[in-house]
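# Reading the structure
Each chain is listed here by its residues.
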Amino acid sequence: MTIATATPESGPDAPVVNVVITGSHALVTINNPPVNALSVHVRKGLMDALHRVNEAGCTTAALVCSGRTFVAGGDISEFAGPPPLPHLPDVLDAIEASTTPFIAVMHGTVLGGGLELALACAWRIADEKTRFGLPEVNLGLIPGAGGTQRLPRVIGLERAARMAANGKPVSARTFEEFGGLDLVFDGDPMAAIASFRDALPARPANTSTRPVDDADLTALKAEITKSAKGSNAPMIALETTALAATLPFAEGSRIERQTHLDLRDSAQSRALRRLFFASRSVTRPARLKAIEPAPVNHVAIVGGGLMGAGIAAASLAAGHRVTLLERDTESAEAGQARVEAIIARDLASGRISDDKAEARRAAFSAGADYTAAADADIAIEAVFEDPDVKRAVFTKLAEVMSEEALIATNTSYLDPNLISDGMPGPGRFLGLHFFSPANIMKLVEVVGTAATSDQTMATAFAFARGLGKIPVETGVCDGFIGNRILSAYRRQADYMVADGASPYAVDEAMHGLGMPLGPYELQDLTGLQISWANRKRQLAAGTWPGRYVDIADKLCELGRQGRGSAARKGWYDHTEMAGTRDPEVEAMVVAWRVERGITQQTFTTDEIVMRIMAAIVNEAHLILDEGIATSDTAIDIVWTEGYGFPKHLGGPMFWAEETGMDTIRDAFAAIEAQSPGSWKAADVFKS
Ligand code: COA
């Protein structure tokens, strides 16, 4: 629902907070597009509006927002400096104490300061599609305008603590069940206001004066400790909310406000806020802004393996018609079954309704005849990582598809220039590198060739955003942004294993930094064979950089190709229970060192982390030096969205700045000394 013109005075040139008084009723409209954030001029406007409705002696004031949503929070762009007056807690206290009671009339996403504003109103009514949440923890913050103290007084301590600590929004129906809403309506908000006023309940006690039901939060604390994975804000949000049970509102709110302001200056919050804005700017490159993307209706996917099926499922979920192409009917059927399994999983988990599942099935077809792609607006090949196979697919697609349609390769390492070289309509080809499972992972690397047109890039970005993905532009190099850094990460991990560290100690050390998986666990999960094939390719081409450690090759030769392999073994043993350390591997590594006469070194946990991070940060800087990434934030988005780098650490580039480049420089010198000739130094590390 969008409230376009709530009053004759609203619209693009309307005041930021508009008041219309009709008889004894006031309609107060916030107009601060795009999401009605509570910027300083909105706070001032609310104070003025409050005085006007009180002076006029209105019996009620309905508070609505124009555009796509009720207030979606404080203005994050103001958080870098001291908050200008009036401060939000004072505005909300004034609204709560107003002689004229306020009715919050909500739609869209009522988040953070938006929910705090609603809680200060006497009544809350909402469109049934509205969502409510306190997402401050996602920005390394806690609410700062009474949210943690008012919410438990309305919906109970346990529910409020959960909402504040996990940052996840709830639906209008759920919020109503919690006791957070006086009415849920479907349709015209003005009609809902009128009927609510017609049977206006007695003015309830101010939220801040209500008692709080105490609750045992022990289980919730354990849950949040586990899910926070090193991020500070969730537990602070929980503990601050718990204060509502023991402290008067004013005291709890004072502590909440101070904690909120302190957290604004914390490295974690700065990291998360930077990523918030970066994930919006990086996905909309400035040079493409003036170009209207071509509409995409029909998507063709070539290759029905895990990746192709995932891309097909993501495209179906975005409402596209999807044709899956395979080399023969049997493979097409297998691909179809994979897509069907994803739809069935979404249905079983309640993520989608029967109708939606049916619509997706109806929009999907699979076969082996390429002419079915003739009217596709975009084709994405996700076949075997072999340049000849991929070229053959591109040739067949180019024959049947219009030159206006996009043809993309999902290669993770190969040069899209070579795959499309010499084909007609060169501007339409590009790389779109999805991450597995493609129906879930948000990152997509967008790789232009030398000939890709800006029109193609604009359409590709819009298409990826439409799938709910985070597209990031990358230049051409081996592994693009993400996998190129991953290769450096793995190389340095291998060098330490070669010289004395246990692979399990390396994984543990990286967990300590907050990585969900260490490098060896990750290899077991994704399978060792892909990177093995890739190393062979680089060795054959003479492009392997520096020292070569072949322990992983030996595991592959033994059939230990990871969790999904027939042996169900890789670096770890997954035969009985996933991820058991294997003494055989440890013995093999030791024997490998002895055979090569390597004197075993000891690496502390801190050394392991610093050396790996030095390799990562150096590679990231090389990528910037070479113009492969357009900004340091683009690299941080790739590594936080695609590789599990903790968001509260901001990504490798932010982490490096916070840690201090001198410290990283020392660690880089150490890895150069450990494996001479193996590292090309980025400009910042050149001595
Ligand atoms: N403060 C300042 N700007 C905000 C904002 C906020 N609280 N919330 C969103 N914006 C800006 C975005 O940066 C974006 O700006 P741009 O168009 O210049 O890039 C614009 O509003 C639209 O946001 P976007 O996220 O692209 O739109 P969406 O429809 O996908 O999502 C929201 C809308 C509100 C769900 C989402 O923006 C969001 O979650 N915002 C943060 C909410 C929050 O954390 N509130 C608590 C703050 S403490």
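Residues numbered from 1 in each chain as written. Predicted model: local features only at pLDDT ≥ 70, side-chain atom pairs only at ≥ 80, totals over all residues. Heavy atoms only, no water.

### Considering the state of the cysteines
Tallying each qualifying case throughout the model produces zero disulfides. Here Cys-58 is not cross-linked by a disulfide; its sulfur's nearest cysteine counterpart is in Cys-121, at 14 Å. (Disulfide = S-S within 2.5 Å.)

### Thoughts on the sheet that holds strand β8 (residues 170–171)
In space, the three strands of this open sheet follow the order β5-β7-β8, with mixed pairing throughout. Since the sheet does not close on itself, it has two edges, and those belong to β5 (109–111) and β8, each with one partner. Pairing geometry for β5 and strand β7 (residues 131–133), over three bridges, is parallel. If you follow Val-110 over to β7, its bridge partner there is Phe-132. (Pairing = 2+ DSSP bridges. Helix = DSSP H or I, 4+ residues; strand = E, 2+ residues; numbered from the N terminus.)

### Re the site of the ligand
Lining the immediate surroundings of the ligand are 18 residues, of which Arg-68, Ala-72, Gly-74, Ile-76 and Arg-280 lie closest. Take Arg-68: an N or O atom from its side chain is 2.7 Å from an oxygen atom of the ligand. Between the ligand and the protein, one listed contact pairs a nitrogen atom with a backbone N or O atom of Gly-74 at 2.8 Å. Relative to its unbound accessible surface of 860 Å², the ligand loses 69% to contact with the protein. Every element with two or more residues in the shell around the ligand is listed here: β5 and α11 (267–281). Among the elements that make up the shell around the ligand, the one with the highest residue count is α11 (three residues). Here the residues of the shell around the ligand sort into eleven nonpolar, three polar and four charged. (Near = heavy atom within 4 Å. Polar contact = N/O pair within 3.5 Å; in protein donor to acceptor, adjacent residues only side chain to side chain. Areas by Shrake-Rupley, 256 points an atom, 1.4 Å probe, with all protein chains shown as cover. Nonpolar A, V, L, I, M, F, W, Y, C, P; charged D, E, K, R; others polar.)

### Observations regarding the nonpolar core
Judged by nonpolar contacts, the single largest core of 73 residues is most densely connected at Val-472, Ile-481, Trp-571, Ile-612, Trp-639, Trp-655 and Ile-664. Leave out the neighbours within four places in its chain, and Val-472 touches Val-282, Leu-443, Val-444, Glu-445, Val-446, Phe-461, Ile-481, Ala-634, Ile-637 and Val-638. Counting 56 residues, the second-largest nonpolar core is a separate cluster that includes Ile-30, Ile-142, Val-170 and Leu-181. (Core = buried A, V, L, I, M, F, W, Y, C linked by side-chain atoms within 4.5 Å. Buried < 20%, exposed > 50% of the residue type's maximum accessible area, 1.4 Å probe, protein only. Contact = heavy atoms within 4.5 Å.)

### Some words on the sheet that holds strand β9 (residues 183–185)
Ordered by their spatial adjacency, six strands build an open sheet running β1-β2-β3-β4-β6-β9, and the pairing between neighbours is mixed. Of all the strands in the sheet, the pair left with one neighbour each is β1 (17–22) and β9. Recorded for the sheet is a direction-independent mean angle of 20° between the axes of neighbouring strands. (Axes fitted to C-alpha atoms, helices over the stretch in contact; angles between N-to-C directions.)

### Topic: the domain arrangement of the protein chain
Segmentation of the protein chain into domains returns domain 1 (17–265), domain 2 (292–474) and domain 3 (482–557 + 588–685). The straight-line distance from the C-alpha centre of domain 2 to that of domain 3 is 31 Å. Listed per partner, the contact involves 13 residues of domain 2 and 13 residues of domain 3. Buried area between domain 2 and domain 3, both sides added, is near 1100 Å², and the carbon and sulfur share of it is 61%. Interface area lost by domain 2 to domain 3 is led by Tyr-413, Leu-443 and Val-472, which between them contribute 44%. Applying the counting rule to domain 2 against domain 3 returns zero salt bridges. The tally of links between domain 2 and domain 3 comes to one residue pair in polar contact (both at pLDDT 80 or more). When contributions to the side of domain 2 that touches domain 3 are tallied by element, the ones reaching two or more residues are β16 (443–448) and β17 (470–474). For the side of domain 2 that touches domain 3, the element with the highest residue contribution is β17, accounting for four residues. (Domains from an automatic or database assignment. Buried area = accessible area lost by both parts, 1.4 Å probe. Salt bridge = Lys/Arg side-chain N within 4 Å of Asp/Glu carboxyl O.)

### Details of the pattern of salt bridges
According to the stated counting rule, one finds 35 salt bridges in the structure shown. With a shortest N-O distance of 3.1 Å, Glu-96 and Arg-150 are connected by a salt bridge. Linking Glu-96 in helix α2 (residues 88–97) with Arg-150 in helix α4 (residues 147–155), this pair joins segments that are 54 residues apart in sequence.

### Comments concerning unusual backbone geometry
In this structure, Pro-34 follows Pro-33 across a cis peptide bond, with omega equal to 5°. Relative to the elements of secondary structure, Pro-34 occurs in the loop between β2 (25–30) and α1 (40–55). The phi dihedral of Lys-229 is positive, around 45°, even though this residue is not glycine. Residue position: Lys-229 is located in the loop between α8 (218–228) and α9 (233–242). Backbone geometry places Arg-568, a non-glycine residue, at a positive phi of 55°. Since its relative accessible area comes to 39%, Arg-568 is described here as partly exposed.

### Some thoughts on the packing of aromatic side chains
Taken as a whole, this structure holds twelve aromatic pairs when the rule is applied. Ring centres of Phe-435 and Tyr-643 lie 5.5 Å apart, and the angle between their planes is 80°; this geometry places the pair in the edge-to-face category. Here Phe-435, found in the loop between β15 (429–434) and β16, pairs with Tyr-643, found in the loop between α25 (632–642) and α26 (652–659); they are 208 residues apart in sequence, far enough to count as distant. For Tyr-643, a relative accessible area of 13% puts it in the buried group. A centroid spacing of 5.1 Å and a plane angle of 80° characterise the contact between Trp-544 and Tyr-548, whose relative ring orientation is edge-to-face. A residue is classified by how much of its surface remains accessible, and Trp-544, at 17% relative accessible area, is buried. On the accessibility criterion, Tyr-548 (24% relative accessible area) is partly exposed. Among the aromatic residues, those joined into a cluster by ring pairs are Phe-435, Tyr-489, Trp-639 and Tyr-643. Across from the ring centre of Phe-276, 3.7 Å away, lies the NZ or CZ of Arg-280, which sits over that ring. (Phe/Tyr/Trp six-rings, centres within 6.5 Å; stacked < 30°, edge-to-face > 60°. Lys NZ or Arg CZ within 6 Å of the ring centre and 35° of its normal.)

### Examining the side chain of Arg-560
Assignment of secondary structure puts Arg-560 in the loop between α22 (551–557) and β18 (572–573). Within the local environment of Arg-560, its side chain forms a polar contact with the backbone oxygen of Gly-570, the two atoms lying 2.9 Å apart. In terms of polar contacts, Arg-560 uses its side chain to reach the side chain of Asp-582, at 2.7 Å.

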